[in-house]
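Survey of secondary and tertiary structure
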Amino acid sequence: MTVGEKIKKFRKNAGLSQEQLAEKLCVSRQAITKWETDNGTPDINNLQCIAKLFDISVDSLLECNEDVVITTIREQIDLNQYQKASKFGSKYDSVVKDKWPMAKAIYPLIRKKKLSKAEAMIDFIVQPGVLQAADSLNDMSAYYLVETDTKQLLVQVTKTYIEGKQLNVKFTGKKCVIENNVFIKTSNIR
């Protein structure tokens, strides 16, 4: 998939017109058309803005292999408006159940950063697990795998927003690598 095809796919999945995307990026609609038809490529600043808007990495825009996820736009939430799902559940569980009431299954996920070779060596030398722990403290979000009749979604819930990413690759088994993270599936809460 080309960079232009990816931009078009992310734009459409976010429900944005070319003009709306152009406004968000402070460029002309013609620039968006040019990029999406592969008659031009965004400069590095625009690639960074596109990546930030759709919450993806610049690398995933530039890579030629098939994307694992299709990003949807974040929805703002107020976590304080939700009650604990059960004695052992959390407010985060309640948010996901509320947003996908017809889901066939909802699995809480354990997220670990996928370390590069250099990071793994540094982690081993410093103290095994230190980089993973630091990354976990940096991202206190709750993650879920939501299964509907037709798709699987990787859902991230924070205190202020919920974001769903439709998976192109089926999450099968207990573990799946998505972007720079390893997700481990736990028991179904649905």
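Up top is the structure.
What you are looking at is a predicted structure, and each value in this text was computed from that prediction instead of being measured. (Residues numbered from 1 in each chain as written. Predicted model: local features only at pLDDT ≥ 70, side-chain atom pairs only at ≥ 80, totals over all residues. Heavy atoms only, no water.)

1. Some words on the overall build of the chain
When its secondary structure is counted, the chain shows eight helices and eight strands. For the chain, the C-alpha atoms occupy an extent of roughly 55 × 45 × 30 Å along the three principal directions. Counting every position in the chain, which comprises 190 residues, the buried fraction comes to 42%. Summarising the internal contacts of the chain: among those between residues at least 6 apart in sequence, 60% fall at separations of at least 24. Split by element, the accessible area of the chain, about 11,200 Å² in all, is 53% carbon and sulfur. With 29 positive and 23 negative side-chain charges, the chain shows a separation of 6 Å between the mean positions of the two kinds. (Helix = DSSP H or I, 4+ residues; strand = E, 2+ residues; numbered from the N terminus. Buried < 20%, exposed > 50% of the residue type's maximum accessible area, 1.4 Å probe, protein only. Contact = heavy atoms within 4.5 Å. Areas by Shrake-Rupley, 256 points an atom, 1.4 Å probe, with all protein chains shown as cover. Lys, Arg positive; Asp, Glu negative; His and termini not counted. Charge placed at Lys NZ, Arg CZ, Asp CG, Glu CD.)

2. A closer look at the packing of helix H7 (residues 117–126) against helix H8 (residues 130–138)
A pair of packed helices is captured by two measures, namely the crossing angle of their axes and the spacing between those axes. Two numbers describe how H7 lies on H8: the axes approach to 8 Å, and their chain directions differ by 110 degrees. Judged by the angle between their axes, H7 and H8 are roughly perpendicular. Counting all contacts with H7, which are made through Glu-119, Asp-123 and Val-126, the residues of H8 involved are Val-130, Leu-131 and Gln-132. Partitioned by chemical class, the residues of the contact of H7 with H8 number three nonpolar, one polar and two charged. (Axes fitted to C-alpha atoms, helices over the stretch in contact; angles between N-to-C directions. Parallel < 35°, antiparallel > 145°, perpendicular 65-115°, else oblique. Nonpolar A, V, L, I, M, F, W, Y, C, P; charged D, E, K, R; others polar.)

3. A word on the pairing of strand S3 (residues 105–113)
Relative to strand S4 (residues 142–147), S3 runs antiparallel, the two being bridged by five bridges. Residue Pro-108 lies in a different strand from S4, and its bridge partner there is Tyr-144. Taken together, the five bridges between S3 and strand S8 (residues 181–185) define a ladder with antiparallel strand orientation. In the sheet register, Ile-110 faces S8, and the bridge partner there is Ile-184. (Pairing = 2+ DSSP bridges.)

4. Structural notes on helix H3 (residues 29–36)
Listed as buried for H3 are Ala-31, Ile-32, Trp-35 and Glu-36. Taken around the axis of H3, the buried residues stretch over an arc of 130 degrees, which confines them to a single face. Tucked inside the fold, the buried residues of H3 contact helix H1 (3–13), helix H2 (18–25) and helix H4 (44–53). Asp-38 occupies a position one or two residues after H3 and carries a positive phi of about 60 degrees. (Arc of directions from axis to C-beta.)

5. Details of the side chain of Asn-46
Tracing the sequence through the fold places Asn-46 in helix H4. The class of Asn-46 is buried, set by a relative accessible area of 14%. Not counting the four nearest positions on each side in its chain, Asn-46 is found in contact with Leu-25, Val-27 and Trp-35.

6. Observations concerning the pattern of salt bridges
In total, this model carries five salt bridges according to the counting rule given. Measuring nitrogen to oxygen at the nearest pair gives 4.0 Å for the salt bridge that ties Asp-55 to Lys-165. A residue pair is termed long-range when its members are at least 10 positions apart, and Asp-55 in the loop between H4 and helix H5 (58–62) and Lys-165 in strand S6 (residues 161–167) qualify at 110 residues. Salt-bridge contacts for Glu-75 lead to Lys-99; the nearest nitrogen and oxygen are separated by 2.6 Å. In this pair, Glu-75 is assigned in strand S2 (residues 75–76) and Lys-99 in helix H6 (residues 91–99), connecting sequence segments 24 residues apart. Relative accessible area serves as the criterion here: at 39%, Glu-75 is assigned to the partly exposed category. (Salt bridge = Lys/Arg side-chain N within 4 Å of Asp/Glu carboxyl O.)

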